[in-house]
Amino acid sequence: MSINRNEFTALVAVKRNPASTQRQIAAATSLSLGTVNSLLRSLQAKGLVDEGRITAKGVRELQPYQVDNAVIMAAGLSSRFAPVSYERPKGLLTVRGEVLIERQIRQLQEAGISDIAVVVGYKKEQFFYLEEQFGVQIVVNRQFASRNNNSTLMMVREMLGNTYICSSDDYFTANPFERYVWKAYYAAQYSPGFTKEWCISTGRKDRIESVTIGGSDAWYMTGHAYFDRSFSQTFSQILTDVYDDPRTEGKLWEEIYLEHAEQLDMEIRRYEPDSIYEFDTLDELKEFDPLFLQNLDSSILDNIVAVLGCSKDEIHDVYPLKKGLTNLSCHFATNEGEFVYRHPGIGTEKMIDRSAEMAALSLAKATGIDNTFVFGNPRRGWKISRFIPHARELDPHDPEQVKRAMQLARKLHDQDQKLNRTFDFYQESKKYEALLLEKGRIEVPDYAEMAKRIDTLNDYVKADHARICLTHNDFFNLNLLIDENDQLNLIDWEYAGMSDYASDYGTFVVTCMLGEEEAEYALACYFDRTPTSQEHRHNLAHVALAGWCWYVWALQKESEGDYVGDWMYTYYRYAKKYLSLALEEYEGAER
């Protein structure tokens, strides 16, 4: 025996509220009174309903549609919610008096769904209390930083059956969860006018056929989804098949589903306006909950208020900036202008002398080399800078701009300023190497051989007795910003210190990925003449030393669970190439 969709709807209504009148069932299901009358006669004839109550046979008939469990995705970084997400995951924010994920867990449990898995990654330990307080299962996703949310569903693929797929940071004004669901669906709300959301196109029986990013007067994907057993089985196999494809890493699970929509039957589930909220920015959340910032316990916002003398309510236009390799930064504005808040990255306290950084920033501001610095905390590592509107990064492949960069480097090196910190690429690499060795042997095929040659090169470099001066040591185009008045600012002074003058040139060549001719041109611009053979090999050596230092740094960062990406290979490639070039020139000079 099987039931159709309307019979299913009526049968669920009878089970939920036994002995309801036909008029009450019609109101609960949005079916007409005549349709309800016909459905109840059909259900009674099939032995599924008797005297207004569901029978044991009716309960068995609903069994295939009963929800098994729910998965709440809570592993992501929520980077668009900076700076609040620097301190806690978005799902743990308190909105209108309730913690977002706690509210959602309660709504699931109120619907009779007690088997709930919460998949965590970023700041995972902050979610652990949910296990005891709500009886949920915690699943740790260790790939949260290197992959999109497809990794979360990969972690729980064996749990998928009749399963709700939820996001920890959604807010439902009314409980959307049910004990019995007809088939797989994705929640949607209607946008009158233009929207940037994922807009749904449907076919027969409301089956989702395709999605476009952006549209007008359209239903768009929002909130939760529901997988039925058939969908789960097919999707799990597809996910397993494509998971190791490098192109899958950055994809949302929804993208994988849509690429295989012909095989995966999922319909749209339409919800009324203002029933599902997804907060993409702090400003959106402030609009929904005007008291959010006032009630938020945030040391970051307290820092901003203390330094700038503004109120929390005054902080607006908050959005993340491009993530750096060592820190997180976000833009914000107050009535006094636009600013940047820099938050120290994980593990940087082991690598960076923050007191020296703040001293260098003060020197840079005093000399006019960096006019953006406002305030920094040397103990905690955070700082506030002025934001440069319409700033453009220096183009390292534009000869005129490269010349300006090299002249600025020379200006910095010629400053009669001293910093109570030394910086040496070779010694820095040894620090990172020591941190790596704490975890065990370095299992990289040519690491030992390269390290030995670096030792030899460093001996040559030290024998040059080159000039020691104030250097930036992170001197590359992303830190060289040109403002609206065409003024060049050198920002981010974490690694500044008293160092060999060639350190900044070495960094520039590596991080800007200059070709050999470009590197030769930049060196000539620095000296404003053709360098001597001794100057030439000394600077080439610093390209190798810079590449090597950051290569070992990258190995250390990834050993801590951070993701460096393509930069690791860039550092390795320049270290390898310029190590050979510099040793050849030094050894040739000896002969």
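Please refer to the structure higher up on the page.
Read on for a plain summary of the structure.

The rules we used
Residues numbered from 1 in each chain as written. Predicted model: local features only at pLDDT ≥ 70, side-chain atom pairs only at ≥ 80, totals over all residues. Heavy atoms only, no water. Pairing = 2+ DSSP bridges. Helix = DSSP H or I, 4+ residues; strand = E, 2+ residues; numbered from the N terminus. Salt bridge = Lys/Arg side-chain N within 4 Å of Asp/Glu carboxyl O. Buried < 20%, exposed > 50% of the residue type's maximum accessible area, 1.4 Å probe, protein only. Axes fitted to C-alpha atoms, helices over the stretch in contact; angles between N-to-C directions. Core = buried A, V, L, I, M, F, W, Y, C linked by side-chain atoms within 4.5 Å. Contact = heavy atoms within 4.5 Å. Parallel < 35°, antiparallel > 145°, perpendicular 65-115°, else oblique. Nonpolar A, V, L, I, M, F, W, Y, C, P; charged D, E, K, R; others polar. Left-handed = near helix turned anticlockwise from the far one by under 90°. Expected span 1.5 Å × (residues − 1). Polar contact = N/O pair within 3.5 Å; in protein donor to acceptor, adjacent residues only side chain to side chain. Phe/Tyr/Trp six-rings, centres within 6.5 Å; stacked < 30°, edge-to-face > 60°.

### Some words on the pairing of strand S18 (residues 383–386)
Pairing between strand S16 (residues 337–344) and S18: four bridges, direction antiparallel. Paired with Tyr341 across the bridge in S18 is Ile384. Pairing of strand S17 (residues 373–376) with S18, which is carried by three bridges, proceeds in the antiparallel orientation. When the bridges of S18 are listed, Phe373 appears paired with Ser385. Here S17 hands over to S18 after six residues, with Gly381 in that stretch at a positive phi of 90°.

### A look at the sheet that holds strand S19 (residues 392–393)
Here three strands make up an open sheet; going across it, the order is S19-S21-S22 and the pairing antiparallel. Sheet topology places S19 and strand S22 (488–490) at the edges, where each strand pairs with a single neighbour. As paired strands, strand S21 (residues 480–482) and S22 are joined by three bridges and run antiparallel to one another. Across the sheet, residue Ile482 finds its bridge partner in S22, namely Leu488.

### Section: the pattern of salt bridges
One side chain can pair with another of opposite charge once the charged atoms of both are near each other. Taken as a whole, this structure holds 32 salt bridges when the rule is applied. For Arg404, the salt bridge goes to Asp486, with nearest N and O atoms at 3.3 Å. With Arg404 in helix H14 (residues 399–413) and Asp486 in the loop between S21 and S22, the pair connects residues that are 82 residues apart, well separated along the chain. A residue is classified by how much of its surface remains accessible, and Arg404, at 28% relative accessible area, is partly exposed. Ionic pairing is found between Glu428 and Lys431, a salt bridge with its closest N-O pair at 3.1 Å. Taken as a pair, Glu428 and Lys431 lie in helix H15 (residues 425–437) at a separation of three residues, close to a single helical turn. Glu428 sits in the buried class, given a relative accessible area of 2%.

### Some thoughts on the sheet that holds strand S7 (residues 137–140)
Either a parallel or an antiparallel arrangement is found when strands of a sheet pair, and the pairing is made through backbone hydrogen bonds. Strand order in the open sheet formed by seven strands is S7-S6-S3-S8-S11-S10-S12, with mixed pairing between adjacent strands. Edge positions in the open sheet fall to S7 and strand S12 (267–270), since each of these has one partner strand only. Taken pair by pair, the neighbouring strands of this sheet meet at an average axis angle of 35°, ignoring direction. In terms of strand pairing, strand S10 (residues 185–202) meets S12 through four bridges, oriented parallel.

### Structural notes on the nonpolar core
Within the largest apolar cluster, 79 residues are counted, with the highest numbers of intra-cluster contacts made by Met406, Leu457, Leu480, Trp493, Phe508 and Trp548. Examining the composition of this core, we find that 14 residues originate from one element, helix H19 (residues 533–559), more than from any other. Residues in contact with Trp493, not counting those within four places in the same chain, are Glu357, Ala360, Leu361, Ala364, Ile369, Asp370, Leu412 and His472.

### Side note on the packing of helix H1 (residues 5–16) against helix H3 (residues 33–45)
Two numbers describe how H1 lies on H3: the axes approach to 10 Å, and their chain directions differ by 85°. With respect to each other, H1 and H3 are oriented roughly perpendicular. Where H1 abuts H3, its residues Asn6, Glu7, Ala10, Leu11 and Val14 lie against Thr35, Leu39, Leu40, Ser42 and Leu43. By residue class, the composition of the contact of H1 with H3 is six nonpolar, three polar and one charged.

### Some words on the packing of helix H16 (residues 447–463) against H19
In a packed pair of helices, the relevant descriptors are the angle between the two axes and the axis-to-axis distance. At their nearest, the axes of H16 and H19 sit 11 Å apart, and the two run at 140° to each other. In terms of orientation, H16 and H19 fall into the oblique class. As for the relative orientation of H16 and H19, their crossing is left-handed in sense. Touching Tyr447, Met450, Ala451, Ile454, Leu457 and Val461 of H16 are His538, Ala541, His542, Ala544, Leu545, Trp548, Tyr551, Val552 and Leu555, all from H19.

### Details of the pairing of strand S8 (residues 163–167)
Of all five residues in S8, five are buried; the element is thus mostly enclosed. When strand S3 (residues 69–74) meets S8, the two strands line up parallel, connected through five bridges. Its bridge partner being in S8, Ala70 is matched across the sheet by Tyr164. Here S8 pairs with strand S11 (residues 208–227) via three bridges, running antiparallel. Note that in S11 the partner of Tyr164 across the bridge is Tyr226.

### Description of H1
The terminal C-alpha atoms of H1, which comprises twelve residues, lie 17 Å apart, in line with the 16 Å expected from a rise of 1.5 Å per residue. All of the buried residues in H1 are Glu7, Phe8, Ala10, Leu11, Val12, Ala13 and Val14. Those residues of H1 that are buried are in contact with helix H2 (22–29), H3, strand S1 (49–50), strand S2 (53–54) and helix H4 (56–62).

### Focus on the environment of Asn150
Position of Asn150 relative to the elements: it lies in helix H7 (residues 150–155). Residues in contact with Asn150, not counting those within four places in the same chain, are Leu239, Tyr243, Thr248, Glu249, Lys251, Trp253 and Ile256. From its side chain, Asn150 meets the backbone oxygen of Lys251 in a polar contact 2.7 Å long.

### Comments concerning the packing of aromatic side chains
Summed over all chains, the structure comprises 40 aromatic pairs. Judged by centre distance (5.9 Å) and plane angle (80°), the rings of Phe235 and Trp253 are edge-to-face. Note that Phe235 is positioned in helix H8 (residues 229–242) and Trp253 in helix H9 (residues 253–259), a separation of 18 residues in sequence. For the residue pair Phe235 and Trp253, the accessibility class agrees, reading buried in each case. Residues Tyr460 and Tyr586 carry aromatic rings whose centres are separated by 5.0 Å and whose planes lie at 15° to one another, so their mutual orientation is stacked.

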